Amino acid sequence: MKKKIIILVIVVAAIFGGKYYYDMHINHNFETITEGKVYKSGVIPPDELPKYIKEHHIKSVVDLRFPGTGDDVNNPEIPEELTAEKEAIAKLDGVQYFNNGSDQVPQEHNLKMFFEIMDNPDNYPVLIHCYHGVGRAEMYSAIYRIEYEGMDPNEARQSTRFLTKWSSFDLGKPKGDYLFNYTKRKDSVK
């Protein structure tokens, strides 16, 4: 019986570890938020961007990274990488690049720029991304769901993770509390 439990634990760990590796390193945490409208991801190498952009007909890329986060271990946002992405996108016809460097919890100027992009129907479909695709990209995807799809803020917060408990989107954490208390704009565009 003990041997079976150990084997089961190993199999479950391999499945979840394999999915994590696939999402992080092969799929770049790419996820559909709303089919044909909004997608989110982590950094996609410039040579792979055209494939994702073509496959999903993406017209705008919103890059939430900015150098100097002070978190060089978890978010090593190197100016050359941002420039390489911007240059790769500039070579693609009909695709716009927007840099909206944001902290984990958005500031007012970030939201203003985000809404200017998302309020314009000509910008869709949109890819929102940060470094890993699981922090800021999830935050802005949740804000999108609240503002443009009418999702309840707490439901949008909970949609950021399979299990929000003990994550950075849990209540009592800055990102979780921000979304839980988020108030939709009065002039929101659908």
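Under the annotation held in an unreviewed UniProt entry, the protein chain carries the name Protein phosphatase and is attributed to Flavobacterium profundi.

## Quick look at the sheet that holds strand β3 (residues 60–63)
Taken in spatial order, the five strands line up as β1-β2-β5-β3-β4 in an open sheet, and their pairing is mixed. Looking at strand neighbours, the two that pair on one side only are β1 (31–34) and β4 (96–99), the edges of this open sheet. Ignoring which end each strand starts from, the neighbouring axes of this sheet average 25 degrees apart. Sheet topology note: the β3/strand β5 (residues 126–129) ladder contains four bridges and is parallel. Bridge pairing links Val61 to Leu127 in β5.

## Quick look at the side chain of Ser41
Structurally, the position occupied by Ser41 is in strand β2 (residues 38–41). Assessed through its relative accessible area of 0%, Ser41 is described here as buried.

## Here we look at the nonpolar core
Note that soluble globular proteins tend to have their nonpolar side chains buried in a common cluster. Core analysis: the biggest nonpolar cluster contains 27 residues, and Phe114, Met118, Ile128, Ile143 and Tyr144 have the highest contact counts within it. When contributions to this core are tallied by element, the ones reaching two or more residues are α4 (108–118), β5 and α5 (136–149). For this core, the leading source of residues is α5, giving eight residues. Dropping the residues within four chain positions of it, Ile143 is found in contact with Pro106, Leu111, Phe114, Phe115, Tyr178, Leu179 and Tyr182. Counting residues in hydrophobic clusters, the runner-up holds 13 residues, among them Val61, Leu82, Val95 and Leu127.

## A short note on the environment of Lys175
Within the secondary structure layout, Lys175 lies in helix α7 (residues 174–180). By relative accessible area, which is 9% here, Lys175 ends up buried. When sequence neighbours within four positions are dropped, the list of residues in contact with Lys175 reads Gln104, Val105, Gly135, Met139, Ser168 and Phe169. Reaching out from Lys175, the side chain makes a polar contact with the side chain of Ser168 at a distance of 3.1 Å.

Scoring rules and cut-offs
- Residues numbered from 1 in each chain as written.
- Predicted model: local features only at pLDDT ≥ 70, side-chain atom pairs only at ≥ 80, totals over all residues.
- Heavy atoms only, no water.
- Pairing = 2+ DSSP bridges.
- Helix = DSSP H or I, 4+ residues; strand = E, 2+ residues; numbered from the N terminus.
- Axes fitted to C-alpha atoms, helices over the stretch in contact; angles between N-to-C directions.
- Buried < 20%, exposed > 50% of the residue type's maximum accessible area, 1.4 Å probe, protein only.
- Core = buried A, V, L, I, M, F, W, Y, C linked by side-chain atoms within 4.5 Å.
- Contact = heavy atoms within 4.5 Å.
- Polar contact = N/O pair within 3.5 Å; in protein donor to acceptor, adjacent residues only side chain to side chain.

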